[in-house]
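Topology and contacts: notes
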Amino acid sequence: MTYTLHNRLGSGGFAVEATLALADIDFAYDPIASKPSTSLDGAAAHLNPWDQVPVLVTPEGETVTETAAILIHLVSTEEACRAGPHLWNPNPPTFLRWSVFMGANIYEGTLRWCYPARFAEPYAADEPDAEAMNAALRARVVSAARARNQQAFGVLERLLETQPFLLGDRLSACDIFLAMLHAWHRRQPELPNCARVTERVATHALINPIWERNFGDRLRERWQDSGPHWS
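So, a few notes on the structure that sits alongside this text. It should be emphasised that the depicted structure is a prediction, and the values quoted were computed from it without experimental measurement.

**Considering the overall build of the protein chain**
From N to C terminus, the protein chain includes seven helices and four strands. Seen in sequence order, the protein chain has helices and strands lined up from the N terminus as β-α-β-β-β-α-α-α-α-α-α. Its C-alpha radius of gyration of 18 Å places the protein chain within 12% of the 17 Å reference for a compact globule of 231 residues. Projected onto the principal axes, the alpha-carbon positions of the protein chain cover approximately 60 × 40 × 35 Å. Out of the 231 residues in the protein chain, the part that is buried amounts to 46%.

**Observations regarding helix α5 (residues 173-184)**
For an α-helix the count is 3.6 residues per turn, leaving residues at separations of three or four pointing the same way. Helix length check: α5 (12 residues) gives 17 Å between terminal C-alpha atoms against 16 Å at 1.5 Å per residue, within 8%. With respect to burial, α5 is a largely interior element, 12 of its 12 residues being buried. In this structure, the buried side of α5 is in contact with α1 (13-22), α2 (67-77), α3 (92-114), α4 (130-159), α6 (192-202) and α7 (208-215). N-cap assignment for α5: the residue whose side-chain oxygen lies 3.1 Å from the backbone N of Cys174 is Ser172.

**Description of the layout of surface pockets**
The gaps of empty space that remain are located by a probe, the size of a water molecule, rolled over the atoms. Of the pockets and cavities examined, the largest pocket occupies roughly 860 Å³. Elements with a contribution of two residues or more to the lining of the largest pocket: α2, α3 and α5. Broken down by element, the residue count for the lining of the largest pocket peaks at seven residues, all from α3.

**Details of the state of the cysteines**
Scanning the entire structure with this criterion turns up zero disulfides. No disulfide involves Cys114; its sulfur sits 17 Å from that of Cys194, the nearest cysteine. Cys194 provides the cysteine sulfur closest to Cys174, a residue in no disulfide bond, and the two sulfurs are 12 Å apart. Taking the relative accessible area as the measure of exposure, Cys174 reaches 0% and is therefore buried.

**Thoughts on the nonpolar core**
Ranked by size, the top nonpolar core spans 53 residues in total, and within it Phe14, Met102, Ile176, Leu178, Met180 and Leu181 carry the most contacts. Of all the secondary structure elements, the ones that give two or more residues to this core are β1 (3-7), α1, α2, α3, α4, α5, α6 and α7. Top contributing element to this core by residue count: α5, with 10 residues. If we skip the residues at most four places from it in the chain, Phe14 touches Asn7, Ile176, Met180, Ile207, Ile210, Trp211, Asn214 and Phe215.

**Concerning the pairing of strand β2 (residues 27-31)**
Bridge count between β1 and β2: five bridges; the pairing is parallel. Residue pairing in the sheet places Tyr3 in a bridge with Phe27 of β2. In this fold, the crossover linking β1 to β2 by way of α1 has right-handed handedness.

**Considerations on the sheet that holds β2**
The four strands lie next to each other as β2-β1-β3-β4, forming an open sheet whose pairing is mixed. A strand with exactly one partner marks an edge of an open sheet, and here the two such strands are β2 and β4 (63-65). Strand-to-strand twist in this sheet, taken as the mean axis angle between neighbours without regard to direction, amounts to 20 degrees. Where strand β3 (residues 55-57) lies against β4, three bridges are found, and the strand directions are antiparallel. Across the sheet, Leu56 pairs through a bridge with Val64, a residue of β4. Along the sheet face, α1 touches β1, β2 and β3 and points at about 150 degrees away from the line of β1.

**Things to note about the packing of α3 against α4**
In contact at an axis separation of 8 Å, α3 and α4 are set at 155 degrees when each is read in the N-to-C sense. Relative to α4, α3 is oriented roughly antiparallel. Considering how the two elements wind past one another, α3 and α4 form a crossing that is left-handed. Side by side, α3 and α4 meet where Trp98, Phe101, Met102, Asn105, Ile106, Gly109, Thr110, Arg112 and Trp113 of the first sit next to Val141, Val142, Ala145, Arg146, Asn149, Ala152, Phe153, Val155, Leu156 and Leu159 of the second. Split into classes, the residues belonging to the contact of α3 with α4 amount to 13 nonpolar, four polar and two charged.

How each quantity is defined
- Residues numbered from 1 in each chain as written.
- Predicted model: local features only at pLDDT ≥ 70, side-chain atom pairs only at ≥ 80, totals over all residues.
- Heavy atoms only, no water.
- Helix = DSSP H or I, 4+ residues; strand = E, 2+ residues; numbered from the N terminus.
- Rg over C-alpha atoms; globule rule 2.2 N^0.38 Å.
- Buried < 20%, exposed > 50% of the residue type's maximum accessible area, 1.4 Å probe, protein only.
- Expected span 1.5 Å × (residues − 1).
- Contact = heavy atoms within 4.5 Å.
- Polar contact = N/O pair within 3.5 Å; in protein donor to acceptor, adjacent residues only side chain to side chain.
- 1 Å grid on protein atoms, 1.4 Å probe; cavity = no way out; pocket = protein on both sides within 12 Å on 5 of 7 lines; lining within 4 Å.
- Points joined across faces, edges and corners; volume = space filled by probe spheres on them.
- Disulfide = S-S within 2.5 Å.
- Core = buried A, V, L, I, M, F, W, Y, C linked by side-chain atoms within 4.5 Å.
- Pairing = 2+ DSSP bridges.
- Right-handed = clockwise from strand over helix to strand, strands pointing away.
- Axes fitted to C-alpha atoms, helices over the stretch in contact; angles between N-to-C directions.
- Parallel < 35°, antiparallel > 145°, perpendicular 65-115°, else oblique.
- Left-handed = near helix turned anticlockwise from the far one by under 90°.
- Nonpolar A, V, L, I, M, F, W, Y, C, P; charged D, E, K, R; others polar.

Quick look at the structure:
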C-alpha cells in the first residue's frame with residue numbers, strides 16, 4: 001500500500017504533496033472537486049469529521065489530518081523527509097516548534113482572514129442595519145487576522161535574517177509550509193526573508209510543477225518566472 005492524499009488545489013495539502021515528492025515517496029492523489037468552504041466530497045468526506053483538507057491516509061490505513069500534523073508524522077516516520085537528499089531535519093525540537101507555530105498562528109489566522117463569517121456571531125437578520133453591522137464585523141475579523149498574521153510572520157522574518165532556512169542551512173518541510181503560507185499572505189507588508197524562502201521553494205525543480213498546478217493561476221506573484229529552477 002501507499003499513502004493517499006486527499007486535497008483541493010491551492011489548499012494546505014500542497015505542503016504535504018511537495019514534501020512527499022521531494023522525499024520520493026509513492027502516493028496516490030485524490031483531487032477534491034467541491035469548492036472551498038463547502039462540504040468535502042468523495043472518500044475524504046468520510047475521513048475527516050471537521051470537513052477540511054488535507055487528509056492523508058497512511059500505508060497502514062491510519063488517517064492523519066491538519067497540515068502541521070501530517071508534516072510532523074512524515075518527518076517522524078520517513079527518513080527521506082529528514083535526511084535528504086532534498087529534505088533535512090537537523091533539529092527535531094526546532095522543527096516541531098515552528099511547524100506547530102505556523103499551524104496554530106499563521107494557518108489559523110489565514111482561515112479567519114479568508115472565512116471571517118466562521119469566526120463572528122452574526123447579528124440577527126431582523127435587527128436594524130443587520131447587514132451593515134455584519135459586514136463591519138467581518139471586516140474587523142479580517143483586519144485583526146491580517147495584523148496578527150503579519151506579527152507571526154515577523155517572528156520568522158527575524159529568524160531568517162541569520163540563516164537561509166528555518167532550521168539552518170538546508171531545506172526542510174518547515175520551509176515548504178512557510179512558502180505556502182507566505183503565498184497565501186500576498187499583498188501584505190513586505191517580508192523579504194520569507195519571500196526569499198518562498199522563491200527557493202517555488203522554483204525548486206521538483207516542486208515547481210506542483211506549485212504551478214496549485215498556485216499558478218491563483219497568485220499575483222509569478223515566483224516560477226523569477227529565475228532558473230533551483231534544486
